[in-house]
Amino acid sequence: MAGLVFIDGFDDAANATDLGLKGWTVSGSMTVTSLTGASTRFTHGRAVRLTPSLAGDIMSRPLPTAKNRVVLGAAVKLDALPSGNQDFILFVSSLGTVQTKLQVTSGGSVVLLRGTTTVATSGGALSAGVWNYLEIDCYIDATAGWLKLRVNESDFVTFSGNTKNDGSSGTILTIRLRGLASTATTSYDDLYLFDAEGAGGDQYLGDSRVLTLAPSADSSPSQWTPDTGTDHYSRVSEATQDGDTSYVQTATAGHVDLYALGNLPVTPTAVHAVQAATTAKVMDAATRTFRNRIKSSATTANGASVTMTASYTAATSLWSTDPATGSAWTVSAVNALEAGFELVT
């Protein structure tokens, strides 16, 4: 059944190291920085900025499982237009072959390609220095596939036909993002990836925002131990992870820490999902697993268990519906939400 796979507002990513903790891979010599404050889309949080120096410089993230149809949404700002056609969003097969991709031209038109073959070019153009919200519906099929682009919730360019460039695989496993050139840094924000296979796949979420809420107070249970002081939440509430500078710890399976969160800074018309993210590592020689936990009203829900390693890695868990009601999230439910984690083993 169709549904959200992951979301990323990049509020907790100041550099390539932070992105790596979240499941992204930065390849080549691309410079990764972030926009903050007034330079961001809504003068809030962060946006990731990509400045490549070589054609192979990319930022990529795999799906949990390969899919033949996905919808990718993201806010994109081109600092400048390139001197010639350049890739900026790519959909890659399970065998590492580029199935389809988007290029932007020197005039701002968007070119759709199957592999390296142009299949459609937009009549309209993107402008440099402006945030646009792009949504791409990509269905891989040798005869009845499609690649559709919407910009700011309006149809922009569409192709229907053969979208299968990998002769052995009709799926997408990885998305890749690029900056345009060393003189044309490209920024991305408010990204979502939607599994569009099966029932419920024929939809766009529309221009969306990913808002990050940090722990603001201790809740209950509060069973882990802070590295210093008595407050737990203050040791895990930094905007970008700070490694061993502040943390909570436990060696007891079943211990849970839950935290109250700040309220949403705006009132959205709809809440598509809640995603919990925790960065953790193992501090002894034992095999340790943990999982994210949320509490809505009196109902708790757990994410999948994740095995910790000796290096910090992030685990994310997504809930498209409120576990307390089984229905769509409401603003009041999100504002009252508690989140944390449990040591499983």
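Our structure is the block above this text.
Here the structure is a predicted model, which is why all the values come from computation and not from measurement.

Criteria and thresholds
- Residues numbered from 1 in each chain as written.
- Predicted model: local features only at pLDDT ≥ 70, side-chain atom pairs only at ≥ 80, totals over all residues.
- Heavy atoms only, no water.
- Core = buried A, V, L, I, M, F, W, Y, C linked by side-chain atoms within 4.5 Å.
- Buried < 20%, exposed > 50% of the residue type's maximum accessible area, 1.4 Å probe, protein only.
- Helix = DSSP H or I, 4+ residues; strand = E, 2+ residues; numbered from the N terminus.
- Contact = heavy atoms within 4.5 Å.
- Pairing = 2+ DSSP bridges.
- Axes fitted to C-alpha atoms, helices over the stretch in contact; angles between N-to-C directions.
- Salt bridge = Lys/Arg side-chain N within 4 Å of Asp/Glu carboxyl O.

Our focus in this paragraph is the nonpolar core. Judged by nonpolar contacts, the single largest core of 43 residues is most densely connected at Trp-24, Met-59, Ile-89, Phe-91, Leu-102, Ile-136 and Tyr-188. At 5 residues, the largest contribution of residues to this core is made by strand β6 (residues 69-78). Ignoring anything within four residues of it in the chain, the contact list for Trp-24 reads Phe-6, Asp-8, Phe-10, Leu-19, Met-59, Ser-60, Arg-61, Ile-175, Leu-177 and Leu-191. Counting residues in hydrophobic clusters, the runner-up holds 15 residues, among them Val-71, Ala-75, Trp-131 and Tyr-133.

Let us now look at the environment of Gly-201. Topologically, Gly-201 is positioned in the loop between β15 (186-195) and β16 (215-222). Given the relative accessible area of 2%, Gly-201 is considered buried. Taking the C-alpha atoms as reference, Gly-201 lies 32 Å from Ala-128; in sequence the two are 73 residues apart. Apart from the residues within four sequence positions on either side, Gly-201 is in contact with Ala-2, Arg-69, Phe-194 and Ala-196.

Looking at the secondary structure, you find Thr-267 in the loop between β19 (256-261) and β20 (274-280). With 97 residues separating them along the chain, Thr-267 and Gly-170 place their C-alpha atoms 40 Å apart.

Once that is clear, we can look at the sheet that holds strand β7 (residues 86-92). What the 7 strands build is an open sheet, ordered β2-β5-β14-β7-β8-β9-β10; its pairing is antiparallel. The open sheet has two free edges, formed respectively by β2 (25-27) and β10 (117-121), since each of these has just one partner strand. Averaged over all adjacent pairs, the angle separating strand axes in this sheet is 25 degrees, with direction ignored. With 4 bridges connecting them, strand β9 (residues 110-114) and β10 associate as antiparallel partners. The residue bridging Val-111 from the neighbouring strand is Thr-121, located in β10.

Before going further, it helps to spend a moment on the environment of Gly-170. For Gly-170, the position within the fold is in the loop between β13 (154-161) and β14 (172-177). Taking the C-alpha atoms as reference points, Gly-170 and Asp-141, separated by 29 residues in sequence, lie 6.3 Å from one another.

One pass over the structure, following the stated rule, counts 16 salt bridges. Arg-293 serves as the salt-bridge partner of Glu-342, at 3.0 Å between the closest nitrogen and oxygen. You can see Glu-342 sitting in strand β25 (residues 338-343) and its partner Arg-293 sitting in strand β21 (residues 289-296), a full 49 residues away along the chain. The burial state of Glu-342 is the same as that of Arg-293; both residues are buried. Taken together, the salt bridges that share partners define one network made up of Asp-8, Asp-12, Lys-22 and Arg-61.

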